[in-house]
Amino acid sequence: MATDPSIETPEAIVVDGLVKRFRFRHVHSLKETVARWVRRATVETDEFTALKDVNLTIRQGETVALLGFNGSGKSTLLKCISGVLTPDEGQIGVRGRIAGLIEVGAGFHPDLTGRENVYLNGAILGMSEAEIEARFEQIVAFSEIEEFIDQEVKFYSSGMFLRLAFSVAVHTDPDVFLVDEILAVGDEPFQRKCLDRIRELRASGKTLVIVSHDLNMVADLCDRGILLEHGVVVMDDEPHAVVRRMRGEG
Ligand SMILES: Nc1ncnc2c1ncn2[C@@H]1O[C@H](COP(=O)(O)OP(=O)(O)OP(=O)(O)O)[C@@H](O)[C@H]1O
């Protein structure tokens, strides 16, 4: 059946006029601090604008690569979309259940066991206890860390952390999945498994936003590339074209 081009796929993420600033406090020596206090000088702060008026619409079912060199604002944008950071200006709307794998193990508590953290993290990602219970075996099996599941996660290696965090996130059945550098820590077999799972999510119509410095991999995986430079969107196109521009080939 032919689709009516006037009926657009619904929006999954809308970013409207997003500005995000960070404030730094200058670190002074004790002598400088006393001198400033004597002069009744105010605390010196610097402001850095990490995202400058970012506007984006991502539709349901799109797989988007967020590209840019170090410090261009990719992680900050993902954190704003996921709600970990609050925008200074502008608005962000997300439709559906969102799962972010942004800072590996960010939602994990070091003193709790892997098992306890699955429940904690699942709840943070919006799952009910019954949902987590129903998927617990699958989550642990995917992570392949069965024998360590009752150990406190502070004794986990970074790869083990990633395995459990990724596994919980993909089993929350998200509508929108945000992924930041997932492939940086896992070993090769697990990377392949993560990619297969991401492809499955994509095939089932989920919306994905992926940050990775593995440009060939994301360009092949995604159907759209958004390039950030110094907190500004400078290109929004077919991902291979964006990668060519990053490499100075386009
Ligand atoms: N919590 C923070 N406090 C102060 N500055 C920050 C903070 N988080 C990010 N920044 C700054 O914002 C800018 C964008 O950082 P961000 O981590 O979003 O970049 P990125 O594109 O993800 O980089 P990378 O490719 O290195 O991961 C950087 O200059 C960074 O120093």
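In this text, all values refer to a predicted model and were calculated from it rather than measured experimentally. Residue numbers run consecutively from 1 along every chain, following the written order of its sequence. A pLDDT threshold of at least 70 governs which residues receive local features in this predicted model, and a stricter bar of 80 or more applies before side-chain atom pairs are shown or counted, although totals over entire chains, interfaces and linings include all residues.

Undergrad: Describe the overall build of the protein chain, listing the residues and the values that go with them.
TA: Labels follow the DSSP assignment, with helices taken as runs of H or I lasting at least four residues and strands as runs of E lasting at least two, numbered in each case from the N terminus. Scanning the protein chain from N- to C-terminus turns up eight helices and nine strands. A principal-axis box enclosing the C-alpha atoms of the protein chain has dimensions of 70 × 50 × 35 Å. Contact between two residues is assigned whenever their backbone-derived C-beta positions fall within 7 Å. Taking all contacts inside the protein chain whose residues are at least 6 apart in sequence as the whole, residues at least 24 apart take part in 73%.

Undergrad: Can you lay out helix α4 (residues 129-143) for me, pointing to particular residues and giving the numbers?
TA: In this model, α4 (15 residues) spans 19 Å end to end at C-alpha, consistent with the 21 Å of a helix rising 1.5 Å per residue. Remark: the principal bend of α4, roughly 55°, maps to R135. Among the residues of α4, I132, I139, V140, F142 and S143 are the ones counted as buried. Contact partners of the buried residues in α4: α3 (114-124) and α5 (158-170). E144 lies just past α4 and shows a positive phi near 60°. Given a helix with a known number of residues, its expected span is that number minus one, times 1.5 Å. Bend is computed residue by residue as the angle between axes fitted to the seven residues ending at the residue and the seven residues starting at it. Remark: C-beta atoms are placed from the backbone, and a residue is labelled buried if 20 or more other C-beta atoms sit within 10 Å of its own, exposed if 12 or fewer do, or partly exposed between those counts.

Undergrad: Residues and numbers for the site of the ligand, please.
TA: Taken together, the neighbourhood of the ligand is formed by F22, F48, A50, G68, N70, G71, S72, G73, K74, S75 and T76. Elements represented by at least two residues in the shell around the ligand include exactly β2 (45-59) and α2 (74-82). The dominant element in the shell around the ligand, judged by the number of residues it contributes, is α2, at three residues. When the residues that make up the shell around the ligand are grouped by side-chain class, the tally is three nonpolar, seven polar and one charged. Placing the C-beta atom from the backbone, one calls a residue near a molecule or strand if that atom lies within 6 Å of it. Basically, the charged four are Asp, Glu, Lys and Arg, the nonpolar ten are Ala, Val, Leu, Ile, Met, Phe, Trp, Tyr, Cys and Pro, and anything else, Gly included, counts as polar.

Undergrad: Could you give an account of the environment of A134, naming the residues involved and the relevant values?
TA: Positionally, A134 belongs in helix α4. Take A134: there are 12 C-beta atoms within 10 Å of it, and that puts it in the exposed class. Between the alpha carbons of A134 and R199 there is a distance of 23 Å; along the sequence they are 65 residues apart.

Undergrad: Provide a residue-level description of the pairing of strand β3 (residues 63-67), including the pertinent values.
TA: Most of β3 sits inside the fold, with five of its five residues counted as buried. Side-chain alternation along β3 places T63, A65 and L67 on one buried face and V64 and L66 on a second face that is also buried. Strand direction decides the pairing type here: β3 and strand β7 (residues 207-211), joined by four bridges, are parallel. Bridged to T63 within β7 is L208. The sheet contact formed by β3 and strand β8 (residues 224-229) spans four bridges and is parallel. Note that in β8 the partner of L67 across the bridge is L227. When DSSP locates at least two bridges between a pair of strands, those strands are taken to pair.

Undergrad: Break down unusual backbone geometry for me, citing the residues and quoting the values.
TA: Of note in this structure, D53 is not a glycine but carries a positive phi near 55°. Residue D173 is not a glycine yet carries a positive backbone phi of 55°. Looking at D173, the number of C-beta atoms within 10 Å reads 16, which means it is partly exposed.

Undergrad: Describe in detail the nonpolar core, supporting the description with residues and values.
TA: By convention in this section, buried Ala, Val, Leu, Ile, Met, Phe, Trp, Tyr and Cys residues joined through C-beta atoms within 7 Å make up a nonpolar core. Among the nonpolar cores identified, the biggest contains 62 residues, and L66, A165, L178 and I210 are the most heavily contacted of them. It is α5 that provides the largest number of residues to this core, a total of nine residues. The residues touching L178, leaving out its near neighbours within four places in the chain, are L78, I81, S82, I98, G100, L101, I102 and V209.

Undergrad: Kindly report on the packing of α3 against α4, identifying the contributing residues and their values.
TA: Helix packing for two helices is described by the angle between their axes and how far apart those axes are. Where helices are involved, their axes are fitted lines through C-alpha atoms of the stretch in contact, as for all axes, and angles between N-to-C directions lie from 0 to 180°. For the pair α3 and α4, interaxial distance at closest approach is 11 Å and the crossing angle is 125°. For the element pair α3 / α4, the angle class is oblique. Here α3 and α4 pass one another in a crossing that is right-handed. Here α3 contributes V118, Y119 and G122 to the contact with α4, which in turn contributes I132, F136 and I139. Class assignment for the residues of the contact of α3 with α4 results in five nonpolar, one polar and no charged. An angle below 35 degrees is treated as roughly parallel, one above 145 as roughly antiparallel, one from 65 to 115 as roughly perpendicular, and anything else as oblique. Note on convention: the crossing is left-handed when the near helix lies turned anticlockwise from the far helix by less than a right angle, right-handed when the turn is clockwise.

Undergrad: Just give me the short version of the sheet that holds strand β5 (residues 98-101), but keep the residues and values in it.
TA: Spatially, six strands are ordered β5-β6-β7-β3-β8-β9 in an open sheet, and the strand pairing comes out mixed. Single-partner strands in this sheet number two, and they are β5 and β9 (232-237). Averaged over all neighbouring strand pairs, the angle between strand axes comes to 15°, with direction disregarded. With five bridges joining them, strand β6 (residues 176-180) and β7 adopt parallel strand pairing. Its bridge partner lying in β7, D180 is registered against V211.

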